[in-house]
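# Architecture at a glance
These are the residues of each chain, in order.
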Amino acid sequence: MMDWIEEAERWVLHTYDRYPVVIVRGEGARVWDIDGREYLDFVAGIAVCNLGHCHPRVVEALREQAGKLLHVSNLYYTQPQVELAQRICQHSFGTKVFFCNSGAEANEAAIKLARKYAKLRWGPERYEIITMYNSFHGRTLATLTATGQEKFQRGFEPLLPGFRYCPFDDLGAVEEAITERTCAVMVEPIQGEGGVRVPSEGYLRGLKEICRQKEVLLIYDEVQTGMGRTGKLFAHQHEGAPPDIMTMAKALGGGVPIGAMVTTDEVAQAFSAGDHASTFGGNPLAARAACAALDALLQERVLDNCERVGRYLREGLQGLAFKFTKIREVRGRGLMVGVEFEGLSAKEVAKGCLERGVLINAIGERVLRLVPPLIITEVEVDRLLEVMEEVLRGL
Ligand SMILES: *Cc1c(COP(=O)(O)O)cnc(C)c1O
């Protein structure tokens, strides 16, 4: 294992502080390293492998499509892309979809579309986008600027003009920040990278009402919260406050890279041919995998499992919080769960869990993010709780 890690550090740009494990295989909620050691996976590719690793329907769809057609240009029509767009619209507010390859790209598309729409409809001075402090929208220059966290932006200035930030979960702040320059408000229904922060009940409905009154577009970044993560296909559906534009990526392809932006016919018409594009966007291989992933998600009672086991996990962690006062808060929805510590490094807890065969991701110094596959069982959650208790007792 160590030789692979040395080679990686020698040849691969160091943009990640990686855990010292070389993973070679995955199945369901488990992965195996190169030495044959098994791990329970509460990272799931960071909310990517919602169906577990190598879901048979996704693997089969990939095998079949790989033997038929891997790629053609978006200058031509392909069936998997159409079928995926139909499925996404059938299960969301949307009526038009743009395909790309990642979350950042989906958000780039959303930012460009919002600007173009506002320019055509209201004139050239209306381009400002309001995003939230503590948000995360990606690492390209536009999405990095949209991301309301200085630590991601430092060193890459000058940032893109036309962004403005508000505190998350504060409707008054957004209402005040909107001016005649504002074209859109962009928000994650639950902040992921910012520490699994769940807003107050009614927040999205409130945002929607403000945006309606002030005639600005509402954009949801559901890159992390989407595809069933919170117990509904899209997190905003808990509140029934549909946006004008929504982005998704991470779990959309069942482990294969694909992103999408979905919107209404009214907003979509702002883009004409040539306004935006992606060589690989909605490519037959990725789109076929995404169709299979979406079918499995909706047909195999995965959302029910997410809701039920999510509650079980949060209750179990709450139980640990009674025993260990260093757990400050357990929060989340469905199987998007954060544990915040006080006077204890989340990284140390993650390290202890790894040593005991459980993968967990620490975000920042204080928060553990648990985003396991949505097919995880109560028995597997029991194992995690056992391991965490052991680790906490030892620290
Ligand atoms: C992960 C994430 C992104 C960026 O997605 P990439 O595929 O890494 O570009 C954007 N927004 C949110 C909310 C995310 O969690």
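This text follows the structure it describes.
Scoring rules and cut-offs
- Counting restarts for each chain, with residues numbered from 1 along the sequence as it is written.
- It should be noted that, the model being predicted, local features are given only for residues of pLDDT at least 70 and side-chain atom pairs only at 80 or more, the latter also being counted only at that level, while totals for whole chains, interfaces and linings use all residues.
- The basis for every side-chain value is the complete set of heavy atoms in the structure, and neither hydrogens nor water enter the calculation.
- Strands here are runs of E lasting at least two residues and helices are runs of H or I lasting at least four, both read from the DSSP assignment and numbered beginning at the N terminus.
- Values of the radius of gyration come from C-alpha atoms, whereas the globule rule sets the reference at 2.2 Å times the count of residues to the power 0.38.
- Whether two residues touch is decided by their heavy atoms; if any such pair falls within 4.5 Å, the residues are in contact.
- Only the protein chains shown count as covering a residue, and every accessible area follows the Shrake-Rupley method with a 1.4 Å probe.
- Counting rule for charge: Lys and Arg are taken as positive, Asp and Glu as negative, and neither His nor the chain ends is counted.
- Think of each charge as sitting on NZ of Lys, CZ of Arg, CG of Asp or CD of Glu.
- A carboxyl oxygen of Asp or Glu within 4 Å of a side-chain nitrogen of Lys or Arg is what we treat as a salt bridge.
- Categorising residues by exposure relies on relative accessible area from a 1.4 Å probe, with only protein chains included: less than 20% of the type maximum marks a residue as buried, more than 50% marks it as exposed, and the intermediate range marks it as partly exposed.
- A single heavy atom is enough: if one lies within 4 Å of a molecule or strand, its residue is considered near that molecule or strand.
- Counting of polar contacts relies on pairs of N or O atoms within 3.5 Å, with two restrictions inside protein: one atom must be capable of donating a hydrogen and the other of accepting it, and residues adjacent in sequence are counted only when both atoms are side-chain atoms.
- Residue type decides the class: Asp, Glu, Lys and Arg count as charged, Ala, Val, Leu, Ile, Met, Phe, Trp, Tyr, Cys and Pro as nonpolar, and the leftover types, Gly among them, as polar.
- Given a helix with a known number of residues, its expected span is that number minus one, times 1.5 Å.

A separate point is the overall build of the protein. Scanning the protein from terminus to terminus reveals 14 helices and 15 strands. Here the C-alpha radius of gyration of the protein, 21 Å, is about what a compact globule of 395 residues would show, namely 21 Å. Principal-axis analysis of the C-alpha atoms places the extent of the protein at approximately 60 × 55 × 45 Å. Across the protein, contacts joining residues at least 24 apart in sequence account for 71% of those joining residues at least 6 apart. Accessible surface for the protein amounts to roughly 18,200 Å². Of this, 52% is attributable to carbon and sulfur atoms. For the protein, the centre of its 46 positive side-chain charges and the centre of its 53 negative side-chain charges are spaced 2 Å apart.

The next subject is the pattern of salt bridges. The full count for this structure, using the stated rule, is 29 salt bridges. The salt bridge involving arginine 328 is made with glutamate 340; its shortest N-O contact spans 2.8 Å. One end of the pair, arginine 328, is in strand E11 (residues 327–333); the other, glutamate 340, is in strand E12 (residues 336–341), and 12 residues separate them in sequence. Note on glutamate 340: relative accessible area 2%, which makes it buried. We note a salt bridge from glutamate 389 to arginine 393, for which the minimum N-O separation is 2.7 Å. Within this pair, glutamate 389 and its partner arginine 393 are both found in helix H14 (residues 378–394), separated by 4 residues, close to a single helical turn. A single salt-bridge network, built from bridges that share partners, covers Arg328, Glu329, Arg331, Glu340, Glu342 and Arg366.

Right, let's get into the site of the ligand. Around the ligand, the surrounding shell consists of Ser102, Gly103, Ala104, Asn107, Phe136, His137, Gly138, Glu188, Asp221, Val223, Gln224 and Lys250. In the model, an oxygen atom of the ligand is placed 2.6 Å from a nitrogen or oxygen of the lysine 250 side chain. Computed on the free molecule, the ligand has an accessible area of 390 Å², of which 81% lies beneath the protein chains in the complex. By residue number, the principal contributor to the shell around the ligand is helix H5 (residues 103–122), which donates 3 residues. The class makeup of the residues in the shell around the ligand is 3 nonpolar, 6 polar and 3 charged.

Further remarks concern helix H4 (residues 79–90). What sets the pattern is the α-helix's 3.6 residues per turn: residues three or four places apart point alike. Taking 1.5 Å of rise per residue, 12 residues should cover 16 Å, and H4 covers 16 Å from first to last C-alpha, within 8% of that figure. Of all the residues in H4, the buried ones are Pro80, Leu84, Ala85, Arg87, Ile88 and Cys89. Where the residues of H4 are buried, they touch helix H3 (56–66), strand E4 (96–100), strand E9 (245–248), strand E10 (259–263) and helix H11 (284–299).

It is worth spelling out unusual backbone geometry at this point. Looking along the chain, the bond that leaves glutamate 157 and enters proline 158 is cis, with omega of 5°. A positive phi angle, close to 55°, is found at isoleucine 46, a residue other than glycine. Locating isoleucine 46 in the fold gives a position in helix H2 (residues 44–47). Judged by its relative accessible area of 28%, isoleucine 46 is partly exposed. Notably, valine 196 is not glycine yet its phi reads approximately 50°, a positive angle. For valine 196, a relative accessible area of 0% puts it in the buried group.

In short, the description is geometric, and any link to function would need to be established separately.
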